[in-house]
Amino acid sequence: MRTDTPQTIYRKDYTPPTYLVDTVELGFDLDPERTIVASRLVMVRNPDSVRNGIELHGVNLQLVALRMNGRLLHAGDYDISGDILRIPAAPDDVTLEIETLTAPVKNTTLNGLYVSNGNFFTQCEAEGFRSITYFPDRPDVMAKFTVMLRADKSKYPVLLSNGNLVEEGDLGDGRHYAKWEDPFKKPSYLFALVAAKLVCQEETFRLKDGRNALLQVWVEDGNLDKTDYAMQSLKNSIRWDEERFGLELDLDRFMIVAVSDFNMGAMENKGLNIFNTKFVLANPRVATDVDYAGIEAVVGHEYFHNWTGNRVTCRDWFQLSLKEGLTVFRDQEFSADMIGTDTGRAVTRIEQVRTLRQAQFPEDAGPMAHPVRPDSFVEINNFYTVTVYEKGAEVVRMYQTLLGRDGFRKGMDLYFERHDEQAVECDDFRAAMADANGRDLAQFERWYSQAGTPVVTATGRYDAAAGTFELTLSQSCPATPGQPSKLPFHIPVALGLLGADGKDLALIVDGANAGTTAVLELMKPKQTFRFTGVKEEPTPSILRDFSAPVVLNYPYTDAQLLHLFSHDSDPVNRWEAGQRLAMARLLKMTAAVGAGDKLALDDTFIDAMRKILADESLDSAFRENALLLPSESMVAEQMEVVDPQAIHLARQAMRKTIGSALRKDLLAQYEANQTPGEYSPDAISAGKRGLKNLALAYLSAAPDDAIYALAQRQFDLAGNMTDRVAALTALIHSAAPGAADALERFYAEFDNEALVIDKWFAIQAAAPVTDVAAVRALMRHPAFNLKNPNRARSLLFNFCNGNPAQFHAPDGSGYAFWAEQVTTLDALNPQVASRLARSMDRWRRYAPALQAQMKQALQKVSGSGKLSSDVGEVVSKALT
Ligand code: ZN
């Protein structure tokens, strides 16, 4: 959306809508060049309104006619300024009839009504509905929708909208129609339509209460061999929500539609979820284990929104985390429950922690830092962030940690009892949790209002004579934009104490037995917790299961970390100890590269890695995660002044040392973790492939002809995409003799599979050998298409975010490229451009020479004239 003067919108300025909408009847005459939208709104003055007049939103619409209670309105009866159409004088009960025109085929923003591969789709969250028709396009206006679709029958045989199909038929002139009615009132951002040539896999599914629901997965012809897993995931989601939260599907029909041009992952439109193909299509030939896991999570996520988001929605967009944080938490729990085992759960938790550190902590520490419930924004689309989603999910998880699973469920039940079919605030959710459990959660509110990652500093004191261990915890939180100082958070800190034998000690607090893991509640700036009956000096395992999204400092010795790495009963902290050991070494080696010193890795560390690698009592997936080094960008976050090339060289050197020192063990695990027979995406098999392919990656870091041959053989013989991609990556990263040929063959084989060609671009974008010139060359490849977000992300984002040593080339060529691409993309698709713009968030932390060039690139974008509010907000905050 282009605006001349981007305005900041504040949460404190919220006012209720002036009118409410009872019913909406929408008529669409669909045509790519000229779509006519007729809308009939039955409205009533809102008794709670503090202002007068009707206010409708509209963007880029051509208004044909506007009638109020049957009377045609003329200029003077209403005024349009910016995105608002105002009718100042209106009676209390009003029927508006509005006719507008749009040209969906010209819409490259993929927001509102657009055309992809000749088919019509919509994306209305957050504010896309206003580019379809004039409407009070705000989530606290909930209305009942009836939708009539008319379109050419041969081009668009399938006509879908929300709710139930109530009528369909021919119109005679080669056109046909379908009428849909949604029985539930909903905000406009949940509206959707699809008019397309598609086919579906469908199934009747029995719900817990005995009703039958029709489930459909719609895809383009030729993709029906890739819908099974999405369908299975949908059925699992429905069952899971019935069991875990007592929430049932409230519709007779639930549809998932896949589209290849999509800005985000998927969208929870009532009864008509629209998905990026990436999160629907899978079979072993084209999809990796990670893709399968993504499909399960996103199908679950969107389905769970039906209650957390749709039945209970947000009062305003500042409350976005009310639905997103909660729904991410729900999909995380769903994925963990689908695995079922304790280590399986822990591995999903480890992956969540990695995402937080990799993406959310940096956001919290950068120019776009914002609270889980922001206080202001310029462009709401910029606030679909890891903070609102993933940190928001951590906040929800902390309720469960504090209240227990049953207490959390009670809170959820009360939330729905109080707020079904309402548009509410994050505070209402917190109140339900508190009231259902008789708990005071007032201080917990700061997790919603204060940005920044809290730092918890811990110290321990063992008194052998008294048999006591005292743990002192203090907390602080760095300043963030607009928030120079912070108040203490309410932080659940899960703690265990390990004895010398590696076993958990029994915890005694205030004379009472507290099991082996206690949840301490840190509420003050500094608190001391005292454990009695401690017969030996313990090693504390602090923040088990990552019980709060904080940075923990404890003066661990290497010996203590090695002890935790070998014994902690909490798998997340066991993994964490290994990460601390690895990070310390990465930082030391990075410093050594900078100083031109010799790089060395101690045997103690290598032996610890060897022990975990060979310990077959541990799940392969856990071992894979334990052996995975912190990424280059995670190392960067730990440095005062970031030197991307030094980090890259240090990490490569470390991988090479491990690859050669552990060669025998890696080869043994490579063989032991083969998964012969038919492919299955289950967690055990995926874990084996994960460990095997990590072994291959380490081996390829110290390659010789035998390793090249191993990777080549895997590439040639792989029976699934996971092994295929891992082998191709190994060949390319190690610059194996067969690399170029493998790339070419891979392309030829999957020419017709867009999602696989995305991988082809992505692997190259992130390869250490790929420099800016190589990326530019890839952009000239006939298969590259900047307008398709998946393709743009596969090449540009993977280069700018996933190849730091090349992106931060000392000559600034990466930054110039970035500026060019952000500007070009912005003219096509501001939402995608603005995501790419965020690659420069942390520019102030780089060495002065890089910093100056990054600043220049930012200024170039910011000065390039007609910027969208999306990109404008990101670059101007980066430069402030
Ligand atoms: Zn969501």
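Residues numbered from 1 in each chain as written. Predicted model: local features only at pLDDT ≥ 70, side-chain atom pairs only at ≥ 80, totals over all residues.

Undergrad: Got a minute to help me understand the UniProt feature "domain: Peptidase M1 alanyl aminopeptidase Ig-like fold" (unreviewed entry) in the protein chain in this structure?
TA: In this numbering, the UniProt entry assigns the feature "domain: Peptidase M1 alanyl aminopeptidase Ig-like fold" (unreviewed entry) to residues 452-554. With 0% helix and 47% strand, residues 452-554 has end C-alpha atoms that lie 20 Å from one another. (UniProt positions renumbered as here; feature names shortened; annotations may be inferred. Helix = DSSP H or I, 4+ residues; strand = E, 2+ residues; numbered from the N terminus.)

Undergrad: How do you make sense of the confidence of the model for the protein chain when you look at a structure like this?
TA: Close inspection of predicted coordinates is inappropriate for parts of the model with low pLDDT. Across the protein chain, the average pLDDT comes to 97, with 99% of residues at or above 70. Predicted as a complex, the structure gets a pTM of 0.99 and an ipTM equal to 0.98. (pLDDT = per-residue confidence, 0-100.)

Undergrad: What is the right way to read the UniProt feature "domain: Peptidase M1 membrane alanine aminopeptidase" (unreviewed entry) in the protein chain from this model?
TA: In the UniProt entry, the feature "domain: Peptidase M1 membrane alanine aminopeptidase" (unreviewed entry) is given for residues 229-447. A helix fraction of 57% and a strand fraction of 9% characterise residues 229-447, whose end C-alpha atoms lie 36 Å from each other.

Undergrad: Would you take a moment to explain the environment of Ala-178 for this structure?
TA: Locating Ala-178 in the fold gives a position in strand E15 (residues 175-181). Counting along the chain gives 191 residues from Ala-178 to Ala-369, while the straight-line C-alpha distance between them is 45 Å. Those residues in contact with Ala-178 that sit more than four places away from it in its chain are Leu-149, Leu-159, Leu-165 and Glu-168. (Contact = placed C-beta atoms within 7 Å.)

Undergrad: How should the pairing of strand E14 (residues 164-170) be read in this particular structure?
TA: Consecutive side chains along a regular strand alternate between the two faces of the sheet. In terms of burial, E14 is a largely surface element, zero of the seven residues being buried. Two elements, E14 and E15, share six bridges in a ladder whose sense is antiparallel. Bridge pairing links Glu-167 to Lys-179 in E15. What sits between E14 and E15 in their antiparallel hairpin is a turn of four residues, with Gly-172 showing a positive phi close to 95 degrees. (Buried ≥ 20, exposed ≤ 12 C-beta atoms within 10 Å, placed from the backbone. Pairing = 2+ DSSP bridges.)

Undergrad: In this structure, what is going on with the sheet that holds strand E4 (residues 54-57)? I would like to understand it.
TA: Strand pairing in a sheet relies on backbone hydrogen bonds. The paired strands run either parallel or antiparallel. Spatial strand order, E4-E8-E7: three strands in an open sheet with antiparallel pairing. Two strands in the sheet have a free side with no partner beyond their single neighbour: E4 and strand E7 (79-81). Neighbour to neighbour, the strand axes of the sheet diverge by 25 degrees on average, direction disregarded. Sheet analysis places E4 next to strand E8 (residues 84-87), joined by four bridges and oriented antiparallel. Across the sheet, residue Glu-55 finds its bridge partner in E8, namely Arg-86. (Axes fitted to C-alpha atoms, helices over the stretch in contact; angles between N-to-C directions.)

Undergrad: What should I look at first to understand the sheet that holds strand E31 (residues 526-531) in this one?
TA: Strand order in the open sheet made by the four strands is E31-E26-E25-E33, with mixed pairing throughout. If you trace the sheet from one side to the other, it starts and ends with E31 and strand E33 (551-553), each paired once. Mean inter-strand twist for the sheet, computed between neighbouring axes without regard to direction, equals 20 degrees. Pairing of strand E26 (residues 468-476) with E31, which is carried by six bridges, proceeds in the antiparallel orientation.

Undergrad: Would you mind showing me how to read the packing of helix H19 (residues 754-766) against helix H21 (residues 789-802) here?
TA: Helix packing for two helices is described by the angle between their axes and how far apart those axes are. For the pair H19 and H21, interaxial distance at closest approach is 8 Å and the crossing angle is 15 degrees. The angle between H19 and H21 places the two elements in the roughly parallel class. Judged by the sense of rotation from one axis to the other, the crossing of H19 with H21 is right-handed. Within the contact between the two elements, H19 uses Asp-758, Phe-761, Ala-762, Ala-765 and Ala-766 and H21 uses Asn-790, Arg-791, Ser-794, Leu-795, Asn-798, Phe-799 and Gly-802. Split by residue class, the contact of H19 with H21 holds six nonpolar, four polar and two charged. (Parallel < 35°, antiparallel > 145°, perpendicular 65-115°, else oblique. Left-handed = near helix turned anticlockwise from the far one by under 90°. Nonpolar A, V, L, I, M, F, W, Y, C, P; charged D, E, K, R; others polar.)

Undergrad: How should I be thinking about H19 in this particular structure?
TA: Side chains three or four residues apart in an α-helix point the same way, a direct result of the helix having 3.6 residues per turn. A rise of 1.5 Å per residue sets the reference length of H19, with its 13 residues, at 18 Å; its end C-alpha atoms lie 19 Å apart and thus fit the reference within 8%. Most of H19 is tucked away: twelve of the 13 residues are buried. In this structure, the buried side of H19 is in contact with helix H17 (721-733), helix H18 (739-750), helix H20 (772-779) and H21. (Expected span 1.5 Å × (residues − 1).)

Undergrad: Even after reading the chapter, I still don't get the environment of Ser-631, so can you show me in this structure?
TA: Relative to the helices and strands, Ser-631 resides in the loop between helix H11 (620-627) and helix H12 (632-637). Remark: the alpha-carbon pair of Ser-631 and Ile-647, spanning 16 residues in sequence, is separated by 9.5 Å.

Undergrad: Help me understand the pairing of strand E19 (residues 253-259) in this model?
TA: Taking burial as the measure, the seven residues of E19 include six buried ones, the bulk of the element. Across five bridges, the pairing between strand E18 (residues 212-219) and E19 is parallel. Each bridged residue has a counterpart across the sheet, and for Leu-214 the counterpart in E19 is Arg-253. In this view, the connection linking E18 to its parallel neighbour E19 by way of helix H1 (residues 228-245) has left-handed handedness. Two strands pair when backbone bridges link them, and E19 and strand E21 (residues 272-276) are joined in this way by five bridges, in the parallel orientation. (Right-handed = clockwise from strand over helix to strand, strands pointing away.)

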